[in-house]
Amino acid sequence: LDPGSVVYNDRMYIFSGFHGSDTLQDLFAYDFTSGEWEDLSIPSAGNFPPGRRHAMMEVYDGKLLVFGGNPSHTGSGPGYFFPEQNYRDFHQFDIEQRVWSV
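What comes next concerns the included structure.

Definitions and limits used
Residues numbered from 1 in each chain as written. Predicted model: local features only at pLDDT ≥ 70, side-chain atom pairs only at ≥ 80, totals over all residues. Heavy atoms only, no water. Helix = DSSP H or I, 4+ residues; strand = E, 2+ residues; numbered from the N terminus. Buried < 20%, exposed > 50% of the residue type's maximum accessible area, 1.4 Å probe, protein only. Contact = heavy atoms within 4.5 Å. Areas by Shrake-Rupley, 256 points an atom, 1.4 Å probe, with all protein chains shown as cover. Pairing = 2+ DSSP bridges. Axes fitted to C-alpha atoms, helices over the stretch in contact; angles between N-to-C directions. Core = buried A, V, L, I, M, F, W, Y, C linked by side-chain atoms within 4.5 Å. Polar contact = N/O pair within 3.5 Å; in protein donor to acceptor, adjacent residues only side chain to side chain.

1. A short note on the overall build of the protein chain
In step 1: A count of helices and strands for the protein chain gives 0 helices and 10 strands.
In step 2: Going from N to C terminus, the protein chain has its helices and strands arranged as β-β-β-β-β-β-β-β-β-β.
In step 3: When burial is assessed residue by residue, the protein chain has 34% of its 102 residues classed as buried.
In step 4: The long-range fraction of contacts in the protein chain, counting pairs at least 24 apart against all pairs at least 6 apart in sequence, stands at 45%.
In step 5: Carbon together with sulfur atoms contributes 54% to the accessible area of the protein chain, which is approximately 6000 Å² in total.

Here you go:
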């Protein structure tokens, strides 16, 4: 739940989120043409960002841009997000090279 996502060139990219009590650290792409999922979670390919929920995502110049998000996987309702817990970092994933950078 609560992943960052963006659509680019007939593919939907989904980053992180959480499942149950675990914050996920993964990146998947869904190809609308083939109907297939691809796991792009390659932690060794550069600086793979830590898992988070509610990350902002966009694509620019063939790169997935990821900003912010929240590491928390507990709590509910509007009061459980605390500014001091929010990530204020920026990461990019080169779609062609499949490498993360900061």
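Next, the rest of the story.
2. Topic: the sheet that holds strand 7 (residues 56–60)
In step 1: Within the open sheet, the 4 strands sit side by side as 7-8-9-10. Their pairing is antiparallel. Every other strand in the sheet has two partners, leaving strand 7 and strand 10 (99–101) as the edge strands with one partner each. Strand-to-strand twist in this sheet, taken as the mean axis angle between neighbours without regard to direction, amounts to 20°.
In step 2: Of the pairings in the sheet, the one linking strand 9 (residues 90–94) to strand 10 comprises 3 bridges and is antiparallel in character.

3. Quick word on the nonpolar core
In step 1: With 15 residues, the main nonpolar core has Tyr13, Phe15, Leu27, Met57, Leu64, Phe93 and Trp100 as its most contacted residues.
In step 2: Among the elements of the structure, strand 2 (11–15), strand 5 (27–31), strand 7 and strand 8 (63–67) are those that each provide at least two residues to this core.

4. A closer look at the side chain of Arg53
In step 1: Mapped onto the secondary structure, Arg53 falls in the loop between strand 6 (36–39) and strand 7.
In step 2: According to the relative accessible area criterion, Arg53 is buried, its value standing at 5%.
In step 3: At a separation of 2.5 Å, a polar atom in the side chain of Arg53 contacts the side chain of Asp2.

5. Quick look at the pairing of strand 6
In step 1: Examined bridge by bridge, strand 5 and strand 6 share 4 bridges and lie antiparallel to one another. Residue pairing for strand 6: Tyr30 is matched across the bridge by Trp37.

6. Digging into the pairing of strand 5
In step 1: As paired elements, strand 2 and strand 5 share 5 bridges and run antiparallel to each other. Residue Met12 lies in a different strand from strand 5, and its bridge partner there is Tyr30.
In step 2: Counting the residues that bridge the hairpin from strand 5 to strand 6 gives 4 residues, and of these Gly35 lies at a positive phi of roughly 75°.

7. A look at the environment of Asp61
In step 1: The residue Asp61 is located in the loop between strand 7 and strand 8 in this model.
In step 2: As for Asp61 and Ile95, which are separated by 34 residues in sequence, their C-alpha atoms are 9.6 Å apart.

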